[in-house]
Structures are given as C-alpha cells and as structure tokens.
Amino acid sequence: MVSGLDLDALIDDPSTRIVITCGAGGVGKTTTAAALGLRAAERGRKVVVLTIDPARRLAQSLGLTELDNTPRAVAEVNAANGGRLDAMMLDMKRTFDDVVLQHATPEKAEQILANPFYQALSSSFAGTQEYMAMEKLGQLHKQAEQTGDWDLIIVDTPPSRSALDFLDAPERLASLLEGRFLRLLLAPARGPFKLMSAGVNMAMSVLNKVLGAQVLTDVQTFVAAFDTLFGGFRQRAEQTVALLREPHTAFLVVAAPQNDALREASYFAERLRAEGMPLAGVVLNRVTNTQAPELSAERSLAAAEKLEEADKSPLTAAVLRLHADKMQQVVGDHKRAERFRRGHRSIKTVEVPALADDVHDLTGLREIGALLTV
C-alpha cells in the first residue's frame, strides 16, 4: 500500500499552482478548500480560493461579511511568512456576462445581455455553473501569470449529483452553443441552406408551434448575436482541459466514510486517472473516532443492561448506550475507509476525524488544516 497523502508537501511545493477539491455534495469540499488555502497562506504562499458553495459558509469561516465574483483579502491571516489569502465565490451569470463583454463588440454584447434566452441560459442552464467555474479558473490563472498576485489557486468544485459534471461541462456547453439545433436557427440566412428554404421553413414552422413565436424569436436573435463567440467557447474549453492535465495541477477527491460518497470518490478517481489528470490523493473526511476505543459497543451495551436491570445509575446507563451507538459508527466508518483503501492501493489517502462542531471561523479552519496534514 502506498504511503499517506502529505498535503503540507503538496501546498509547500512551488510547482503546485492549482489544487482542485472535488467529490460528492456534502462531504466537506468547501471546508477542505478553505482550510488548505488558509494553511498554505500562513506557510508563505499567495493563495486565492474560488468556491462555488451555495450555503455561503466560506465567507463566514474566513471572517468576511460576503463573497462575490471579485477576490477579497482575508485580513486576519497570519502573514509572518509572507503569504496572503484572497477568497471569492463564483457568480456564474456575472462570469458569463464578463465573457460576453470581453469577447463581443459593445453593440453585440448589449444585444446578447438583454436577450431573454441568454438570461435563462446564463442563470439556470444545466452545466453552466460548472463551465463558468472553469472559465473563472482560466481567468484567475491568466491573472496570476501576468501579475503575480497569486502563486496558488484552490478551487472548490460545484456540488453535483455526478462526479463527471465538472470535467464534462466545458465540452457540453461548447457543444450546445455550437450544436446543430442552434445552427439550424441561422440556416435561412446563410450558405447552402438558402437552396433548401422550403425544408428549413417547414422546420421553423414546427419549432414555432413547439416553442412559441416569441421564444423562437428570442433564440434566433440570441444565436445571431452570439455567433461570433461560438469558436471562443470551444477554444477556451480545450485550453482549460489542457490546463487541468498539466503537472502543476493537483486534484483532491474528498469523500465521507459513507458508501454512496465512497462509490462516487472511486468513480471520480478512476475517471481522473483515465483522463490523464493529476490525482494527488483522497481525503477521507469526517471519520468518526472515540476517546475510549478500548470500550467496545458490546461491552458498553452489556454494562448498560446490568445497570438497568439493577435499577441503578440511569444516567450512566444512558451514557453507555450513547457510547455503544458511537462505537458502532466508529467501527463502520473505519471498515468502509479501509475497504476503500484496499480497493485503491495506488492512491494516497489522508483521514480526517469528525469534529464535534461545524467549522465557523479561522480557528476552526486552522484545526482542520492541521488534521489534514498530520
């Protein structure tokens, strides 16, 4: 079995420029990203953490009143080693708007931003959040190279039902925007389709009935205005995927010791390896531990039953039963974690114990950072 995952070595290595935390929803990706960012900054790195967390817990943990699409400095970071920490939360519509403003003429940008179909696409289309996370990563990487503002970017990936969404989103959205359906909407005005106007008109008539006249008009107007940007989406998607494969990128898969989360972690780890993307290791998060491992669940239950039969110390009996329940969880968590490690012997792992309370400040993040790097 390979050695454990040394996250201090990872974040201290100046060749590590991008760290991406990924995995199923609710396993602690955001907390892991924030804790690693804080630890890296206090060890001398210039860090920006990008989160896509709808609960907005990161801002509170970092002592900020809010996070938005612009990196904000975390003032209470210990900068004795020369590091700094900025944090931001992805605003997918704002990011999409910025892409339009950057790559379209002012006249085209105004048409696109005002279009109802674009407004729906940029706000709620499946995959847009994941794609815009990749767009923002590309922007931050470019800014870091040009200005030197940061030497480490940490990305907290979107919560999603499928571990593949983050990797597939750039290609999916680019394919949508360059797809045959949207191209068909431009057909009456261009190229050889002029020779097939009868067939195209019939198709438009069907679409008009299905979508409604106004929706079809909005889509056609959007496609006509957006046409010059299609190639750029494809190009940036390819550049982002290439960036993710470079040696200076490190993926961390975060999982909790539950079967569903571990299955998701296994699937994601195998996909990353198949895609040739650099998997640093797996964080097994929120593993239940106990301060009294020598007192098994069976012994604890037996002692509780004796006290109850003798009608003595009901409070002690209740505590023993609580301990028995916890010990069953301890055994279950460690069995599942060990089974995962046996099934992935070539993947480095680090185990983080569950805390009694949720992390809500920098002190808590420092504690998590220390546990991640034990």
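Residues numbered from 1 in each chain as written. Predicted model: local features only at pLDDT ≥ 70, side-chain atom pairs only at ≥ 80, totals over all residues. Heavy atoms only, no water.

Colleague: Help me understand the environment of serine 296 in this model?
Modeller: With respect to the secondary-structure elements, serine 296 resides in the loop between β7 (279-287) and α14 (297-309). By relative accessible area, serine 296 is classed as partly exposed at 21%. Taking the C-alpha atoms as reference points, serine 296 and histidine 323, separated by 27 residues in sequence, lie 8.6 Å from one another. (Helix = DSSP H or I, 4+ residues; strand = E, 2+ residues; numbered from the N terminus. Buried < 20%, exposed > 50% of the residue type's maximum accessible area, 1.4 Å probe, protein only.)

Colleague: For this particular structure, what's the right way to read α14?
Modeller: Owing to its 3.6 residues per turn, the α-helix brings residues three or four apart onto one side. With 13 residues, α14 ought to run about 18 Å at 1.5 Å a step, and its terminal C-alpha atoms sit 18 Å apart, in line with that. All of the buried residues in α14 are Ala297, Ser300 and Ala304. End-on view of α14: buried residues confined to an arc of 65 degrees, all on one side of the axis. Residues of α14 that are exposed and point over 90 degrees away from its buried face: Glu298, Arg299, Lys306 and Glu309. Of the residues flanking the end of α14, it is aspartate 311, one or two places downstream, whose phi is positive at about 55 degrees. (Expected span 1.5 Å × (residues − 1). Arc of directions from axis to C-beta.)

Colleague: What exactly am I supposed to notice about the packing of helix α4 (residues 92-103) against helix α6 (residues 116-124) here?
Modeller: Two quantities define a packed helix pair, namely the angle between the helix axes and the distance between the axes. Two numbers describe how α4 lies on α6: the axes approach to 8 Å, and their chain directions differ by 130 degrees. As far as their axial angle goes, α6 and α4 are oblique. In this structure, the crossing between α4 and α6 has a hand that is right-handed. Residue-level inspection shows Met92, Lys93, Phe96, Asp97 and Val100 of α4 in contact with α6, the latter providing Tyr118, Leu121, Ser122, Ser123 and Ser124. Per-class residue counts for the contact of α4 with α6 are five nonpolar, three polar and two charged. (Axes fitted to C-alpha atoms, helices over the stretch in contact; angles between N-to-C directions. Parallel < 35°, antiparallel > 145°, perpendicular 65-115°, else oblique. Left-handed = near helix turned anticlockwise from the far one by under 90°. Contact = heavy atoms within 4.5 Å. Nonpolar A, V, L, I, M, F, W, Y, C, P; charged D, E, K, R; others polar.)

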